[in-house]
Each structure stands twice: as structure tokens, then as C-alpha cells.
Amino acid sequence: MTAAAHAPTASEYIVHHLGHFSSQHQDKIVDFSIINMDTIFWSVFCGVVGCLFMYLAARKATSGVPGRFQAFVEMVVEMVEDQSKAIVHGDRTFIAPLALTVFVWVALMNSLDFLPVDLVSGIMRLAGMEEIHHRIVPTADLNGTLGIALGVLALMLYYSFKIKGVGGFIHELFAAPFGIWLAPFNLLLNIIEFAAKTVSLGMRLFGNMYAGELLFLLIALLGSAATAFGFVGHVIAGSIWAIFHILIVLLQAFIFMMLTLVYLGQAHEAH
């Protein structure tokens, strides 16, 4: 058998690269018993790197002329602080650092999409484990993005109870926006609103990162074509998309942070 005989087809290549290193094989569309190990590992890895990054910035901070690293971190911190101040009207001692954490964490997870698409599969092949699926980008996994969105939902509920009190929040659920006489409709509408915020927050980030990852795979397939057009097209398309993807990576992290602030800001306000 020749090496060409073992080469995967385009569909097999994409399916393999979009597969997860999971605790068990997924047979159903929704199965909460399955854990994607790769998503958890890279999410924790980016979280640790982000904490280390901010720790080094705080440790090396000086009151004199800042270096480029300190200036960059201060610019990010001031940007997040300005946005939180404009959106959240109340105590921001926890919310502003939370927004900064969300931005740095999501940006780092998104940035993993810049690694070569065949990096992990190549390492697995060298280790004799080419049949194992492994994905690097946690935000291209719906489980990862919805997990973060559920965390934001928990904070929305926490601040709703904290700011408005148990009685005030329950009254708002039944009385807003149409008045207490339409309590069942108000409750249903508010439940739908919380669910829509959570699902849209997770789906937006997942959709953009999944599409970007898929496009990188298609560009890689273009480069595998044994023609001059395939090679040139791969280089040009890959370079253009990589540059454009830098904007997407940072923009999606910024949007996720802003929506987190908006939702927590709304939890501070009464209807």
C-alpha cells in the first residue's frame, strides 16, 4: 500500500480535526455525561497563562516611565475600566476585574486558533496516536462557550438578588414590563430573556470561532493540492485570513466582555 492510499479524504480530514478528545463517544446530539478533555485542558491552560501574564504585569509595574509591556497592560486595563464605568452604575470592585479577566481569558483562548491546524495531529502521528482526536481552540466548542455564558447567567442572578433583594427581584419577574396584572406573561417573558441572553452569548462566540477554524482547515486543504495554483492560493488565502482573523479574535473577546458588562449592568437596574 502506498502513502497516497492512506491519505484521508477532504471530509475525513475535516471530521478528524473537528473531533474532540472526549470521555466517551457521543451518540446523541445532547449528552451531558460526555466531557471534552481537550476543551477543559486548553481553557485551564489559557486561564493560568492569563493569570501569570497579569501577575507579571503587576509585579513589574513602576511609577516611572512604563515599558512597552506595562504600557500595553495599562492600556487594556484602562479600556476595561472605562467601559465598566460607563455601563455598570454601582459597586465595580468585583465587576471591573471580572471584565478584565473575561477579556484576557477569551482573547487567549481565541488566539490558539493561530496555531497550525496540523500541529496537534502531527504530534499525535509522531507519538503513534494518530487516531486520537484533539482540538486546541476551546471557544470553537459550544460546550466551552456555553459554560462561560452560564457563569455570566449565575452572576446576573446573583447581582439581581443582591441589588434588588429577594422580594424586589421576584416582584420584578412578575410585574415587569407589563404590570402585575399580567404576571404569568411577565414571568414567561423574563425567563425567555434570561435564556436568550445566555444562549446568544455562548452561540455568538462559538459561531465566529468555529467558522474561523473551519476556514483555516479549508485553506489547508487547498494547500494540499499538488498544483502551483493550490500552493499559491494556500499562501495568499492563508495570509489574508490570518491577518483578518487577528481582528476577529480580539473583536470577539471585546464583544463577549462588553455583553457581560451590559448584562451585569442591567442586573443593577430596576425596570
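Everything that follows concerns the structure shown earlier in this document.
Residues numbered from 1 in each chain as written. Predicted model: local features only at pLDDT ≥ 70, side-chain atom pairs only at ≥ 80, totals over all residues. Heavy atoms only, no water.

(A) Just the packing of helix α4 (residues 68–87) against helix α5 (residues 95–111), in detail. One can describe the packing of α4 onto α5 by two numbers: an axis separation of 9 Å at closest approach and a directional angle of 125°. As summarised for this structure, α4 and α5 are arranged oblique, according to the angle between their axes. In this structure, the crossing between α4 and α5 has a hand that is right-handed. Across the interface between the two elements, V76, V77, M79, V80, E81 and S84 of α4 pack against A96, A99, L100 and F103 of α5. Here the contact of α4 with α5 is built from residues that sort into eight nonpolar, one polar and one charged. (Axes fitted to C-alpha atoms, helices over the stretch in contact; angles between N-to-C directions. Helix = DSSP H or I, 4+ residues; strand = E, 2+ residues; numbered from the N terminus. Parallel < 35°, antiparallel > 145°, perpendicular 65-115°, else oblique. Left-handed = near helix turned anticlockwise from the far one by under 90°. Contact = heavy atoms within 4.5 Å. Nonpolar A, V, L, I, M, F, W, Y, C, P; charged D, E, K, R; others polar.)

(B) Region of the structure containing unusual backbone geometry. A cis amide bond, omega 5°, links A176 with the succeeding residue P177. Within the fold, P177 resides in the loop between α7 (142–175) and α8 (183–223).

(C) Spotlight on the pattern of salt bridges. Within the structure shown, the criterion is met by four salt bridges. Note that E172 is salt-bridged to K164, the shortest N-O span being 2.9 Å. Judged by its relative accessible area of 12%, E172 falls in the buried class. Take K164: its relative accessible area is 19%, and that puts it in the buried class. In this structure, the salt-bridge partner of E193 is K197, at a minimum N-O distance of 3.2 Å. Placement of the pair is E193 and K197 together in helix α8, with a separation of four residues, close to one helical turn. Since its relative accessible area comes to 30%, E193 is described here as partly exposed. The class for K197 is buried, based on a relative accessible area of 12%. (Salt bridge = Lys/Arg side-chain N within 4 Å of Asp/Glu carboxyl O. Buried < 20%, exposed > 50% of the residue type's maximum accessible area, 1.4 Å probe, protein only.)

(D) Broad picture of the nonpolar core. In this structure, V106, L201, F256, M257, L261 and L264 are the most contacted members of the largest nonpolar core, which totals 45 residues. Elements that contribute at least two residues to this core include exactly α3 (37–59), α4, α5, α6 (119–126), α7, α8 and α9 (228–267). Beyond its immediate stretch of four places on either side in the chain, M257 contacts M79, V80, Q83, A99, V102 and F103. Counting five residues, the second largest nonpolar core, distinct from the first, contains Y13, I14, L217 and A220. (Core = buried A, V, L, I, M, F, W, Y, C linked by side-chain atoms within 4.5 Å.)

Any link to function would need more than the numbers given here.
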